Amino acid sequence: KTREREMIKACALLGIPEGHVTIVDDPKLQDGPKEIWTSNSVAPHLLPLISAKDIGAVVTFDGYGVSGHTNHVATYRAVCQLREGGRLSKSVRVHVLQSSPLLLKFIGPVASLLPPSPRHAQASSLLDPLLVFRCLQAHYSQA
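The rules behind each value
Residues numbered from 1 in each chain as written. Predicted model: local features only at pLDDT ≥ 70, side-chain atom pairs only at ≥ 80, totals over all residues. Heavy atoms only, no water. Helix = DSSP H or I, 4+ residues; strand = E, 2+ residues; numbered from the N terminus. Contact = heavy atoms within 4.5 Å. Buried < 20%, exposed > 50% of the residue type's maximum accessible area, 1.4 Å probe, protein only. Polar contact = N/O pair within 3.5 Å; in protein donor to acceptor, adjacent residues only side chain to side chain. Salt bridge = Lys/Arg side-chain N within 4 Å of Asp/Glu carboxyl O.

With that settled, consider the environment of Leu29. Assignment of secondary structure puts Leu29 in the loop between helix H1 (2–13) and helix H2 (39–52). Along the chain, Leu29 and Ser41 lie 12 residues apart, while their C-alpha atoms are 7.2 Å from each other. Ignoring any residue separated from it by four or fewer positions in sequence, one finds Leu29 in contact with Val24, Trp37, Ser41, Val42 and His45.

A word on the side chain of Asn71. By the secondary structure assignment, Asn71 is in helix H4 (residues 70–84). What makes Asn71 buried here is its relative accessible area of 2%. For Asn71, the side chain forms a polar contact with the main-chain oxygen of Glu35, separated by 3.1 Å. The contacts of Asn71, once residues within four sequence positions are left out, are Gln30, Gly32, Glu35, Ile36 and Trp37.

This part takes up the pattern of salt bridges. All told, the structure shown has three salt bridges when counted by the stated rule. Residue Glu4 is joined to Lys1 by a salt bridge in which the shortest nitrogen-to-oxygen separation is 3.7 Å. On the basis of relative accessible area, Glu4 is assigned to the partly exposed category, the value being 28%. With a closest N to O distance of 3.3 Å, Arg3 and Glu6 form a salt bridge. Here Arg3 and its partner Glu6 are both found in helix H1, three residues apart, which amounts to about one turn of the helix. For Arg3, a relative accessible area of 30% corresponds to the partly exposed category.

The structure is reproduced here in structure tokens:
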């Protein structure tokens, strides 16, 4: 339940109301570094949500999953599997978060003072870096 509260708090900071947050409770998709998800376990949860909530864009991790996090990679692969298999409508835009070098990931807001690389320039300009850091802080159990 801790991780659920953290997600709801982070979403609230971004202006996403709690009623728009869906927490998936599936024995095959449990949280934790020792839990391994497969794209085939993730994909069936995505399509019904995208359809029911009329979602026009999906933001996912890249193939490296931020820091090699296997469950992030499975999420990326599930989105790719749906797109490549023609099951995800072409009208749904897919945005992929590019993994940053580990050093940048762990220096927090200091990273926003560094000049952005061309591949991070657009994403970093969309949100206030301090807001992003506050959202990450909402996931205190991840520290």
